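Inside the fold
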Amino acid sequence: MHRQENGVACCAGKGPGYKSPEDAVRNGPRETILYVTCANPDPETGKPDYLATVDVDPSSDTFCQIIHRLLMPSAGDELHHSGWDACSSCHSDSTVARTKLILPALGSSRIYVIDTSAKLKAPKIHKVVEAKDYGSSLDMSAPHTSHCLGSREVMVSTIGNSNGDAQGLSVSILNLFSLLSYTFC
């Protein structure tokens, strides 16, 4: 099933994304909502980070306003570079849809999987991958960036070892789907 935007199927009945950024600009619909990670700069306050849903539809009464805040369950996450569960390279595959947003958390080493399929404007937490579930066995922590692959797998780069020590400029790639048998869907 394809995501609906204002009653129009996303990506013109094909898979997620477009064959190039230029193709998206020329042929894609204008975005109507944005998801923005909001990190609390002082986790000592006990206030968690959140994912803000922002209305960017100029015809909407709530244009340029935050219309939903999805609070993370714990303080100190430091949400970082998010990514989708399905890649633009799948643009011609009508069986693929972007339904999960992957949110790595540098501070806690958690990886949140956010479900956007039921309510685009009010997403929910689908799954939380705790550091203990992957960190010590793979000697990784501080997930930094998620990136979807054409294989329908998601890679997450990390910048720390399992003790939380920085690994300098080296980047470990964690493929959550095949290495850990996690299913985000």
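Each chain carries its own residue numbering, running from 1 in the written order of its sequence. pLDDT decides what is reported in this predicted model: residues at 70 or higher carry local features, side-chain atom pairs at 80 or more are listed and counted, and totals for whole chains, interfaces and linings draw on all residues regardless. Derived side-chain values reflect all non-hydrogen atoms in the structure, with water molecules and hydrogen atoms excluded from consideration.

**A look at the confidence of the model for the protein**
- Predicted confidence across the protein gives a mean pLDDT of 78, with 75% of residues reaching 70 or more.
- Segment residues 168–174 is flagged for pLDDT under 50; beyond a separation of four residues in sequence, or across chains, it makes 21 contacts in the model.
- Across residues 177–185 the pLDDT falls below 50, and counting only partners more than four positions away or on other chains, this stretch makes 29 contacts in the model. Confidence of the predictor in every single residue is expressed as pLDDT, which spans 0 to 100. In this analysis, two residues are considered to be in contact whenever any of their non-hydrogen atoms come within 4.5 Å of each other.

**As for the nonpolar core**
- By nonpolar core we mean a set of buried residues, namely Ala, Val, Leu, Ile, Met, Phe, Trp, Tyr and Cys, connected to one another through side-chain atoms within 4.5 Å. Residue exposure (1.4 Å probe, protein chains only): buried if accessible area is under 20% of the type maximum, exposed if over 50%, otherwise partly exposed. Counting 13 residues, the largest nonpolar core has Tyr35, Leu51, Met72, Leu101, Leu103, Tyr112 and Ile114 as its most contacted members.
- For this core, the elements supplying multiple residues, two or more each, are β3 (33–38), β7 (100–104) and β8 (111–115).
- Discounting chain neighbours no more than four positions away, the residues touching Leu103 are Thr37, Leu51, Met72, Leu79, Ser82, Arg110, Ile111, Tyr112 and Ile114. Secondary structure elements follow DSSP: runs of H or I of four or more residues count as helices, runs of E of two or more count as strands, with numbering from the N terminus.

**Side note on the pairing of β7**
- Among the five residues in β7, five count as buried, and that is most of the element.
- Here β7 shows two buried faces, one formed by Lys100, Ile102 and Pro104 and the other by Leu101 and Leu103.
- One ladder, built from two bridges, connects strand β6 (residues 83–84) with β7; its direction is antiparallel. Its bridge partner lying in β7, Gly83 is registered against Ile102.
- The criterion for strand pairing is that DSSP finds at least two bridges linking the strands in question. Across five bridges, β7 lies against β8 in antiparallel orientation. Residue pairing for β8: Leu103 is matched across the bridge by Tyr112.
- Hairpin remark: β7 followed by β8, antiparallel, with six residues in the connecting loop; positive phi at Ser109, about 65 degrees.

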